[in-house]
Amino acid sequence: MRIRRILAAVIATAALAGLGLTGAATATAASPAESPTPGECEKGGGTVDFATNLCRGGTYNGQMVD
């Protein structure tokens, strides 16, 4: 019984560590510090407002466009 509990704890820890790593990679994929290009704005589901150089809607909503 003790071996089963230890093995279950090891597997659970490994699974949670794997989820943490994938979550960190996803969180750093779109850095808000960088300005998107017009194409990236549109790919993200937004439209470029060339009067203000802002991306409207989508992933980059409100960010300045390069």
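See above for the structure.
What counts and what doesn't
Residues numbered from 1 in each chain as written. Predicted model: local features only at pLDDT ≥ 70, side-chain atom pairs only at ≥ 80, totals over all residues. Heavy atoms only, no water. Helix = DSSP H or I, 4+ residues; strand = E, 2+ residues; numbered from the N terminus. Buried < 20%, exposed > 50% of the residue type's maximum accessible area, 1.4 Å probe, protein only. Contact = heavy atoms within 4.5 Å. Disulfide = S-S within 2.5 Å. Core = buried A, V, L, I, M, F, W, Y, C linked by side-chain atoms within 4.5 Å. Salt bridge = Lys/Arg side-chain N within 4 Å of Asp/Glu carboxyl O.

Engineer: Would you mind going over the overall build of the protein chain in detail, with residue names and values included?
Structural biologist: Looking only at helices and strands, one finds two helices and two strands in the protein chain. When its helices and strands are written in sequence order, the protein chain yields α-α-β-β. Per-residue burial over the protein chain gives 14% buried out of 66 residues. Long-range contacts, defined as pairs at least 24 residues apart, comprise 26% of the intrachain contacts of the protein chain with a sequence gap of at least 6.

Engineer: Mind laying out the state of the cysteines, listing which residues take part and the relevant values?
Structural biologist: Inspection of the entire model under this criterion finds one disulfide. At a sulfur-sulfur separation of 2.0 Å, the disulfide partner of Cys 41 is Cys 55. Judged by the sign of its S-S torsion, about 90°, the bond between Cys 41 and Cys 55 is right-handed. Placement of the pair is Cys 41 in helix 2 (residues 38–43) and Cys 55 in strand 2 (residues 54–56), with a sequence separation of 14 residues. On the basis of relative accessible area, Cys 41 is assigned to the buried category, the value being 1%.

Engineer: Tell me about the nonpolar core, residues and numbers included.
Structural biologist: The biggest cluster of nonpolar side chains holds five residues, and these are Cys 41, Val 48, Cys 55, Tyr 60 and Val 65. With near-sequence residues (within four places) excluded, Val 65 lies in contact with Pro 36, Thr 37, Pro 38, Val 48, Asn 53, Leu 54 and Cys 55.

Engineer: Just give me the short version of the pattern of salt bridges, but keep the residues and values in it.
Structural biologist: A complete count under the given rule lists one salt bridge for this structure. Between Arg 56 and Asp 49 there is a salt bridge; the shortest N-O distance is 3.6 Å. Taking the relative accessible area as the measure of exposure, Arg 56 reaches 39% and is therefore partly exposed.

Engineer: Give me the lowdown on unusual backbone geometry, citing residues and values where you can.
Structural biologist: Here Asn 53, not a glycine, exhibits a phi torsion of approximately 60°, which is positive. Looking at the element boundaries, Asn 53 is found in the loop between strand 1 (47–49) and strand 2.

Engineer: Outline the environment of Thr 59, supporting the account with residue identities and numerical values.
Structural biologist: Considering the arrangement of structural elements, one finds Thr 59 in the segment after strand 2. The class of Thr 59 is exposed, set by a relative accessible area of 55%. The sequence separation of Thr 59 and Gly 44 amounts to 15 residues, and the corresponding C-alpha distance is 5.0 Å.

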